[in-house]
Amino acid sequence: MRQSSLVVVANRLPVDNSVAPDGACEWRRSPGGLVSALHPLLKHTPATWIGWAGGTGPAPALPDVDGVRLHTVPLTPEDFRDHYEGFANATLWPLYHDAVEQPEHHRRWWEAYQRVNRRFAEAAAAVTEPGGVVWVQDYHLQLVPALLRDLRPDLRIGFFLHVPFPPPELFMQLPRRAELLRGILGADLVGFQRAQAAHNFAQLVAKVFGVPATDRQIEVDGRTVRVGAFPVSIDTAEMAALAARPDVVARAERLRNDLGSPENVILSVDRMDYTKGIEHRLKAYSELIASGHVKVRDTVMVQVAVPSRERVGQYQILRDRVEREVGRINGEFGRVGEPAIHYLTQPFDRAELAALYRMADVMAVTPLRDGMNLVAKEYVAARVDDSGTLLLSEFAGAAAELPEAYQVNPHDLEGLKQGLLAALEADPEDAATRMRAMREHLHRYDIRSWVRSYLSTLDETVSAPTG
Ligand code: ADP
Ligand code: F6P
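Residues numbered from 1 in each chain as written. Chains lettered and ligands numbered in written order. Predicted model: local features only at pLDDT ≥ 70, side-chain atom pairs only at ≥ 80, totals over all residues. Heavy atoms only, no water.

In the annotation of an unreviewed UniProt entry, the protein chain is listed under the name Trehalose 6-phosphate synthase and assigned to Micromonospora echinospora. Quoted verbatim from the Sequence similarities (unreviewed entry) field of UniProt, the annotation for the protein chain is "Belongs to the glycosyltransferase 20 family." (UniProt positions renumbered as here; feature names shortened; annotations may be inferred.)

Now the structure itself:
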């Protein structure tokens with residue numbers, strides 16, 4: 001088996017299974033930020049990416065993508081149901097997002113989580129060179145660091161959590177909380193999006209194991225585990241270049257014309273997820289129309305909501321409710337050819353997304369809780385002329401980095417309405433000053449700087465026993 005000195009382990013592979021024009025199935029590099037960031041690095045390192053290729057059949061053998069070796073881990077239908085849909089997305093996901101929906105606990109799900117994590121750890125153990133670096137990503141794989149350390153104590157192991165890490169009192173609800181923490185503590189460096197998450201983690205470890213733990217390091221089993229906040233970012237230059245492309249600018253103008261050239265366009269782009277606050281936003285918007293503060297002819301809302309995790313009950317219920325509400329609002333306030341909300345559930349390519357961002361005067365990103373929210377950063381990066389306003393939830397990870405956004409508490413309906421109005425009526429000069437500051441921040445702290453800062457900190461960690 002080919003081995004690599006750097007191995008990324010993530011639930012999903014950095015490729016999409018798409019259908020070519022001739023109907024054949026082809027694998028293409030997926031456009032996500034993590035892939036673009038790691039790509040230049042992986043290309044020069046002999047690196048492997050371990051992940052699930054989607055589906056529940058045997059793992060396909062995939063060709064290298066631009067020099068990156070892809071190692072697929074298969075999931076059976078039971079693994080998919082109990083590990084991915086179950087423990088990952090119906091226990092951990094709601095629990096880690098402030099329990100905005102009720103987390104479910106089933107022993108069968110935990111067994112599947114352990115089984116699948118072991119499979120990923122074994123794959124990483126097999127493909128990493130002696131003394132190599134393994135970087136484990138996200139909540140699907142929290143047991144991998146410790147499992148891997150048992151198998152390969154020679155490796156340097158990093159773990160990064162892309163979603164929030166909950167306060168101790170919530171985490172303590174987990175029936176297998178100690179095992180989960182032990183899994184993460186197998187890493188040399190545990191990275192979070194926000195300092196608060198690193199704090200929550202250290203507090204929990206101190207409480208559960210009674211070991212010395214600060215927000216920067218934890219002493220456990222004679223080892224030092226480094227902890228820190230590394231806010232993930234986007235390929236800012238790439239999004240800016242895309243948004244400045246003449247065809248994208250022309251497309252944005254066409255989109256605006258198609259909307260009836262309104263004075264204002266409000267845009268939201270979300271995965272269909274109950275953490276994203278879609279229902280709260282629709283309610284605020286419909287109340288503003290009902291009270292006459294917003295006129296449908298002048299202002300148009302575009303809500304993109306791509307279906308996600310579609311077999312999970314809470315996601316099905318949400319989609320039904322959102323679609324009923326959009327129908328109600330359009331039925332009540334729209335006119336023929338003039339809906340109050342344009343609702344789209346399709347996936348778009350990057351250029352179309354950039355055109356949507358360029359077209360929108362206000363981007364409303366109002367999750368109830370979100371690890372980071374890259375969409376907010378993408379909108380800012382796309383506003384190359386410094387126009388536009390970003391309405392941002394205080395509960396998005398991005399809020400800590402983008403204080404110049406119009407920030408709101410999405411649970412406060414009146415506050416959300418006021419925020420929307422403030423964003424719509426912003427003074428252009430003030431808005432441009434805010435946008436410029438946010439854009440500068442994102443050019444400085446882009447995805448490359450995230451990768452550099454995480455991997456150089458991991459490099460400084462010492463795996464040797466402390467004593
Ligand atoms: P999450 O990781 O919870 O889905 P983020 O906002 O951090 O939320 O990331 C979402 C990513 O998915 C962004 O890069 C965004 O551009 C992309 N995305 C969202 N909606 C669509 C869509 N309709 N088509 C294509 N990409 C999308
Ligand atoms: O940001 C959290 C996350 O689970 C990512 O790991 C993932 O890329 C994204 O949301 C989409 O979720 P899924 O992989 O379940 O479609």
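Picking up after the structure, the text goes on.
Student: What exactly am I supposed to notice about empty space enclosed by the protein here?
Tutor: If a probe the size of a water molecule is rolled over the atoms, the empty space left behind becomes visible. The full count for this structure, using the stated rule, is two cavities of 30 Å³ or more. If you add up the space inside the largest cavity, you get close to 70 Å³. As for the largest cavity, its lining consists of P14, V15, R29, V35, L38, H39, L42, W49, V65, V68 and L70. When residues in the lining of the largest cavity are grouped by element, the largest group, four residues, is from helix α1 (residues 33–43). Across the lining of the largest cavity, the residue classes tally to nine nonpolar, one polar and one charged. Taken together, G388, T389, L390, E404, A405, Y406, A431, R434, M435 and M438 make up the lining of the second largest cavity. Those elements giving two or more residues to the lining of the second largest cavity turn out to be β15 (389–393) and α15 (428–444). Looking at the lining of the second largest cavity element by element, the count peaks at four residues for α15. Residues of the lining of the second largest cavity, tallied by class, amount to six nonpolar, two polar and two charged. (1 Å grid on protein atoms, 1.4 Å probe; cavity = no way out; pocket = protein on both sides within 12 Å on 5 of 7 lines; lining within 4 Å. Points joined across faces, edges and corners; volume = space filled by probe spheres on them. Helix = DSSP H or I, 4+ residues; strand = E, 2+ residues; numbered from the N terminus. Nonpolar A, V, L, I, M, F, W, Y, C, P; charged D, E, K, R; others polar.)

Student: How should I be thinking about helix α6 (residues 177–184) in this particular structure?
Tutor: Restricting attention to buried positions, one finds in α6 the residues L180, L181, G183 and I184. Summarising the axial view, the buried residues of α6 lie within an arc of 155°, below the 170-degree limit, and thus occupy one face. (Buried < 20%, exposed > 50% of the residue type's maximum accessible area, 1.4 Å probe, protein only. Arc of directions from axis to C-beta.)

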